[in-house]
Protein chains: 2
Amino acid sequence: MKAIDGWITAPGGFTAAGVKAGIKASGKEDVALIVSENLASCGAVFTQNIMAAAPVLFSRRVAAGGYARAIAVNAGCANASTGERGLNEARAMAGLTAELLSCGQQEVFVCSTGVIGPFLPMDKIVRGLKDAYRELSVAGGGKAAAAIQTTDTFIKRAAYEFTLEGRTAVIAGIAKGAGMIHPDMATMLAFITTDAAVSPAVLSRAVKKAADLSFNMVVVDGDTSTNDSLIALANGFCGNSLIDSENHPGYASFFAALTAVSVDLAKLIARDGEGATKFLEVTVDGAPDFAAAKAVAMAVAKSPLVKTAFFGCDPNWGRIICAVGYAGVNFAPEDLTVALNGVEVFARGGGVAADAEKLGAIMKERDIILKLALGAGQTSATVWTCDLSYDYIKINADYHT
Amino acid sequence: MKAIDGWITAPGGFTAAGVKAGIKASGKEDVALIVSENLASCGAVFTQNIMAAAPVLFSRRVAAGGYARAIAVNAGCANASTGERGLNEARAMAGLTAELLSCGQQEVFVCSTGVIGPFLPMDKIVRGLKDAYRELSVAGGGKAAAAIQTTDTFIKRAAYEFTLEGRTAVIAGIAKGAGMIHPDMATMLAFITTDAAVSPAVLSRAVKKAADLSFNMVVVDGDTSTNDSLIALANGFCGNSLIDSENHPGYASFFAALTAVSVDLAKLIARDGEGATKFLEVTVDGAPDFAAAKAVAMAVAKSPLVKTAFFGCDPNWGRIICAVGYAGVNFAPEDLTVALNGVEVFARGGGVAADAEKLGAIMKERDIILKLALGAGQTSATVWTCDLSYDYIKINADYHT
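Predicted model, so just to flag it, every value in this text is computed and none were measured.

Colleague: Would you mind going over the sheet that holds strand S15 (residues 379–386) of chain A with me for this structure?
Modeller: Sheet strands line up and pair through hydrogen bonds in the backbone, either parallel or antiparallel. Residues and elements named next belong to chain A. Pairing within the open sheet is mixed, and its six strands lie in the order S13-S12-S11-S14-S10-S15. Two strands lie at the open edges of the sheet, namely strand S13 (350–351) and S15, each paired on one side alone. Looking at chain direction, strand S10 (residues 279–287) and strand S14 (residues 367–373) are connected through seven bridges and run parallel. Paired with Val282 across the strands is Leu370, a residue of S14.

Following this line, the structure appears as structure tokens:
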């Protein structure tokens, strides 16, 4: 497996486009199409939010079908809390795309991201989808990545080559936003394409598993949006024999590449959290099981007190061990250890006298690895997050509906 | 039941004191004693944090005994993450107090609040406890309330008179801090005294029940500290027949008064949340049960996006319904309604066109009542919180260990 410099169109048989349809106030690209030449296997994970937006309700049924040709996306309006009309308009987005591609309406995923509440500007959406269809190309991957952004400060993409039966397969992904990182932005979206041949059932399970190791390990503010969608398409252009079981000889390398793309995108999302000045990787070792390890890592990564301490460059282990203590996981306080970029700050039930100068330098770094060991088992989990700064408040308080 | 203007010494048979022992850098009162003339029934609730501080470990055993004479408190140092030495020093605080009062060491509660990590300055503690003992008086309630504060911006107290068998009973309480509302402050403490005669078993159950309706319904930043303690003493000076069962004719009015004091203190804690510019009461109606109602109210009250919207005076229902949707409670989106100070902003699955001017005026108010109805049952729950402002970040990021 090797990281490559490529867009979502890097895998064979995929084209994409991103166009300016006038939905975003900024006038930037806001409608994207991602298309497979043939009917691809699909796998997807959607928000668990009960207020799930219309495009999520529609796309869940596409995912259930197991096969898809395309993903139609708009940014600038989430089509959330829009009732029956919203559902009809999501269906219309799929219908128009299906007409353009001469495929079935149930073979087109629909995603929207943006403000919750308003109805879609359907005239702009229709024009945008038609324009995007005309511009579909392998070179269009970059503009598609731009079109799904809202207030992301940089484009999030990842691509890998891996070997399947001696052939070179490619997997690539793009993403935007973390949780509800932007005011009212019903976010996150992530799309992954691969030219590996994978059956819908295997792809579906693999995507859920990869999401649990990546997107589900990111926390910015703990808000789970109404539109979160992760969609993967596998079109088989690579020519490998169909990976139709986890026991297939190609499964392991496929899953490793899928997880690598997912983790890369997830980390980029944490790094671009609203107002972030620091990227934090929180690893918990020595937990009795994954759920426990994740619960502790999440408690620490979500704690506003921990996050503001990192913003303030303060190696404040008191806040960290406090969050560990309320995570609902059993361990012996005297077995807990805490280290910041390799420097131990807590052990044997109390603080460790650390080199203050060294610790001060670590706290000024952009990337900080916080390692916790519970001494209560053999399992680990890693969560990615960012610090909590004035800018988070500014971005979220100054914004008005 | 009638609210009265009184300190924790308002119930008969209680004295208190607060003295300056030099533990707080500010030089303000930092050691308090609250004493009952006789051995009182006790009931208590402590933090569930696994990293529970030494005074919590000690006081849990006092509570288990059912009876206590006194509460010895210091602010400025939490005696948390201090291991065996910390436990010995908590025991020493109780031992000295017991010696002064000529009672058993297991009849003295010990509470500490302040920075996590350092050991107690025992010379100052000893001097402080001796000074406090000398100054014990009915008039000392005010100074005791001052001594338990750390960065609270105002003193939190409540007192009520209620009738028991024709006699006037009094119940009073003081509190400090909410969750870990202050940097490293291992907080909250709440003490309640009453001259009603209540058995330890009934008092213990009543305190847990009252806490579930009050202190456990407050959220500032979601951090549960290492030192949280709620302790109630009932000394029987009122002369009523012992309330030794929930079926006792006096139980209902006692429990109502206990709950009233607890709710008053809990609300004051939310109102004094770090950086708070607004007090928010979140009520969820129409839930299938209390746990569900509380889960929804807590999801909304904890959401950084909701809290920053209130700071920004933005009637942003999108963020509210999003938090409702991820609370893990089942309901039909079209049945959900949301109202701000009585003005409906969301119903029938979408936004409600509200009077923008009226809504703008409501959002500028200091106190806002957010009412949610799920239409999924008959049960309600109310949670209290505050908004999330620049000052929260300032207080927590600028502070250094």
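Colleague: Looking at this structure, I do not really get helix H10 (residues 356–363) of chain A. What am I missing?
Modeller: An α-helical turn contains 3.6 residues, so a residue and the one three or four places further along point in the same direction. Residue and element names in this part refer to chain A. Leu359, Ile362 and Met363 are the residues of H10 that are buried. Taken around the axis of H10, the buried residues stretch over an arc of 95 degrees, which confines them to a single face. The backbone nitrogen of Glu357 lies 3.0 Å from a side-chain oxygen of the residue at the head of H10, namely Asp355.

Colleague: Sorry if this is basic, but what is going on with the state of the cysteines here?
Modeller: Two cysteines joined by a covalent bond between their sulfur atoms form a disulfide. Scanning all chains against the criterion turns up zero disulfides over all chains. We note that Cys313(A) lacks a disulfide partner, and the nearest cysteine sulfur, in Cys386(A), lies 14 Å from it. Here Cys238(B) is not cross-linked by a disulfide; its sulfur's nearest cysteine counterpart is in Cys42(B), at 19 Å.

Colleague: So what exactly am I meant to see when it comes to the interface of chain A and chain B here?
Modeller: Interfaces are often described in size by the accessible area the parts lose on coming together. Across the boundary between the two partners, chain A contributes 56 residues, which contact 56 residues of chain B. A buried area of about 4200 Å², summed over both sides, lies between chain A and chain B, and 63% of it is on carbon and sulfur atoms. Scanning the region where chain A abuts chain B turns up zero salt bridges. Where chain A touches chain B, the interface holds six residue pairs in polar contact (both at pLDDT 80 or more). Ranked by residues supplied to the side of chain A that touches chain B, first place goes to helix H11 (residues 390–398) of chain A with seven residues.

Colleague: What is the right way to read the sheet that holds strand S11 (residues 337–340) of chain B from this model?
Modeller: All names here are of chain B. In space, the six strands of this open sheet follow the order S13-S12-S11-S14-S10-S15, with mixed pairing throughout. The outermost strands of the open sheet, each flanked by one partner alone, are strand S13 (350–351) and strand S15 (379–386). Sheet topology places S11 next to strand S12 (residues 343–347); three bridges connect them, and they run antiparallel. Note that in S12 the partner of Leu340 across the bridge is Val343.

Reading the values: rules and limits
- Residues numbered from 1 in each chain as written.
- Chains lettered and ligands numbered in written order.
- Predicted model: local features only at pLDDT ≥ 70, side-chain atom pairs only at ≥ 80, totals over all residues.
- Heavy atoms only, no water.
- Pairing = 2+ DSSP bridges.
- Helix = DSSP H or I, 4+ residues; strand = E, 2+ residues; numbered from the N terminus.
- Buried < 20%, exposed > 50% of the residue type's maximum accessible area, 1.4 Å probe, protein only.
- Arc of directions from axis to C-beta.
- Polar contact = N/O pair within 3.5 Å; in protein donor to acceptor, adjacent residues only side chain to side chain.
- Disulfide = S-S within 2.5 Å.
- Contact = heavy atoms within 4.5 Å.
- Buried area = accessible area lost by both parts, 1.4 Å probe.
- Salt bridge = Lys/Arg side-chain N within 4 Å of Asp/Glu carboxyl O.

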